[in-house]
Amino acid sequence: MRVVLVCSSFPASSRPAELPSYAAIAVELARRGEAVDVLCLRAGGDEDEALPRGLRVHRRLRCAGDDGTSIGDVGHDCRALRRLLRGPPGTSVVFADAGGLSPALLRVAEGAPTVLDLSFDWAVAAFGAGHPWWRRCRELGAVERTLARAVGAETVAPDFRSFGFFVWHDARWKELLVRGLPVQSAKVLVAGVDTHVLRPRPEPPRGAQTTIVFHGSLTREGGLNAVFLALQGLPRTFRLRILARSSEDSYLAELAELGRAAGVTDRIEVVPSPGPAARAEILAAADVFVFPDERRSSFPRAALEAFAAGVPVVAARCPRTGASLGGDAFEDGANSLLFPAGDPRSLAAAVTRLASDRALRDRLVERARHDAETRFGAPYSTDQLQSVLRS
């Protein structure tokens, strides 16, 4: 099998800590003996370090405009993709992200088994705001952000009936595809966590303090209020590190006031938008990971990264969290401890239980790591990708 991965950029390294999920899957494919060509759509002249045998990266020559930014050349990208598709029969195409994507590129791939990382940005880039599919999306209530980044209303979409069509990783998008586009097939593939980078530490830290980690968006639905109030009821040796992806200004002010009222501000540290390597280091030093999100999540990546890193997880009880995985991601008492969403006393009790019961912690961590390797990691994603492309 031969795969062409189309992406905005690809790290000039094969070190797992520096690879986004799609790059980790490309490396995993190459490690398994598959031929992988990576086509980068943004300019870059870095030399690649030792990549696995069978993985080739094709980088656009650096070309800058007056402001120093890279200039897009759709014609160049289309020619490069056509050239790669002239290779052995059975070549498949994976569009890994929205950066640099155009309908013209998608039309080049027509007829080839194709995987699309179907995010909001990708869909806007692929169809344009004026495409009838967007009206259908709005009818189904699935457009959750503005169309400010749309590429224009006159975009002509490819003929998706010719695609062998597979989607990373959200079942909601599959439903939209089935209802809104005449596609040949629409299947959900899970872009897993990187179990090469995120590994259990050899020995848990034995300090005087207990470090609780939260990773996610600072929004009201994220459940951080309950974590602040739970921290108020825990000994002062318990501290909270917040890895913030994004935030709502009004909610930040609310959290700051809550922290002051609860007297926990001096026990909280905020780390804004840490990269993969920094997250791995922070998780390696954590004692407990909390996932208090009150919303149903199809792929709770932050908690699953904690699974992979060997950090015991306390999560809000939310039916069908992990629906894109074919079932619930969290199993109470098996790979995590669950508490009623929004209940700080139950959360504090679960955290205390984990901190004081080494046998329970070890049992949860062992099962969670097994789940990360077999259900949630890049190797599992690669299994799915190979399976559907070979079918």
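Residues numbered from 1 in each chain as written. Predicted model: local features only at pLDDT ≥ 70, side-chain atom pairs only at ≥ 80, totals over all residues. Heavy atoms only, no water.

1. What about the overall build of the protein chain?
Counting its regular elements, the protein chain contains 13 helices and 13 strands. Counting over 391 residues, the protein chain shows a buried share of 52%. A separation of at least 24 residues holds for 69% of the contacts in the protein chain among residues at least 6 apart in sequence. If you sum the accessible surface of the protein chain, you get close to 17400 Å²; carbon and sulfur atoms cover 50% of it. (Helix = DSSP H or I, 4+ residues; strand = E, 2+ residues; numbered from the N terminus. Buried < 20%, exposed > 50% of the residue type's maximum accessible area, 1.4 Å probe, protein only. Contact = heavy atoms within 4.5 Å. Areas by Shrake-Rupley, 256 points an atom, 1.4 Å probe, with all protein chains shown as cover.)

2. Quick look at the sheet that holds strand E13 (residues 337–340)
Within a sheet, adjacent strands bond to each other through the backbone by hydrogen bonds, running parallel or antiparallel. One open sheet accounts for 6 strands, arranged E10-E9-E8-E11-E12-E13; its pairing is parallel. At either end of the open sheet lies a strand with only one pairing partner, and these are strand E10 (268–272) and E13. With direction set aside, neighbouring strand axes in the sheet form an average angle of 25°. Across the sheet, helix H7 (residues 224–232) is in contact with strand E8 (210–218), strand E9 (238–247), E10 and strand E11 (288–291); its angle to E9 comes to roughly 165°. Those strands touched by helix H11 (residues 344–356) are E8, E9, E11, strand E12 (313–317) and E13, and its axis lies near 160° from that of E13. (Pairing = 2+ DSSP bridges. Axes fitted to C-alpha atoms, helices over the stretch in contact; angles between N-to-C directions.)

3. Some details on helix H12 (residues 358–376)
Over its 19 residues, H12 extends 25 Å from the first C-alpha to the last, a length consistent with the 27 Å expected when each residue adds 1.5 Å. When we look at burial in H12, the residues that qualify are Leu-360, Arg-361, Leu-364, Val-365, Ala-368, Arg-369, Asp-371, Ala-372 and Phe-376. Here the buried residues of H12 occupy an arc of 160° about the axis, which is enough to place them on one side. For H12, the exposed residues set more than 90 degrees away from the buried face come down to Ala-359 and Glu-366. Summarising the contacts, the buried residues of H12 are in contact with helix H10 (301–309), E13, H11 and helix H13 (378–390). Where H12 begins, one side-chain oxygen reaches toward the backbone nitrogen of Ala-359, 3.3 Å away; that side chain belongs to Asp-357. (Expected span 1.5 Å × (residues − 1). Arc of directions from axis to C-beta. Polar contact = N/O pair within 3.5 Å; in protein donor to acceptor, adjacent residues only side chain to side chain.)

4. Quick notes on the confidence of the model for the protein chain
With 67% of its residues at a pLDDT of 70 or more, the protein chain has an overall mean of 76. Between residues 136–156, whose pLDDT stays under 50, and residues either more than four places distant or in other chains, the model counts 38 contacts. (pLDDT = per-residue confidence, 0-100.)

5. A closer look at the packing of aromatic side chains
By the definition in use, this model includes 3 aromatic pairs. Ring geometry for Phe-307 versus Phe-330: centroids 6.0 Å apart, planes at 85°, classification edge-to-face. Residue Phe-307 is found in helix H10, and its partner Phe-330 is found in the loop between E12 and E13; the two are separated by 23 residues along the sequence. Residue class for Phe-307 comes out buried when judged on its relative accessible area of 1%. When its relative accessible area of 8% is taken as the criterion, Phe-330 is described as buried. Every member of this aromatic cluster is reached through a ring pair, and the members are Phe-291, Phe-307, Phe-330 and Phe-376. (Phe/Tyr/Trp six-rings, centres within 6.5 Å; stacked < 30°, edge-to-face > 60°.)

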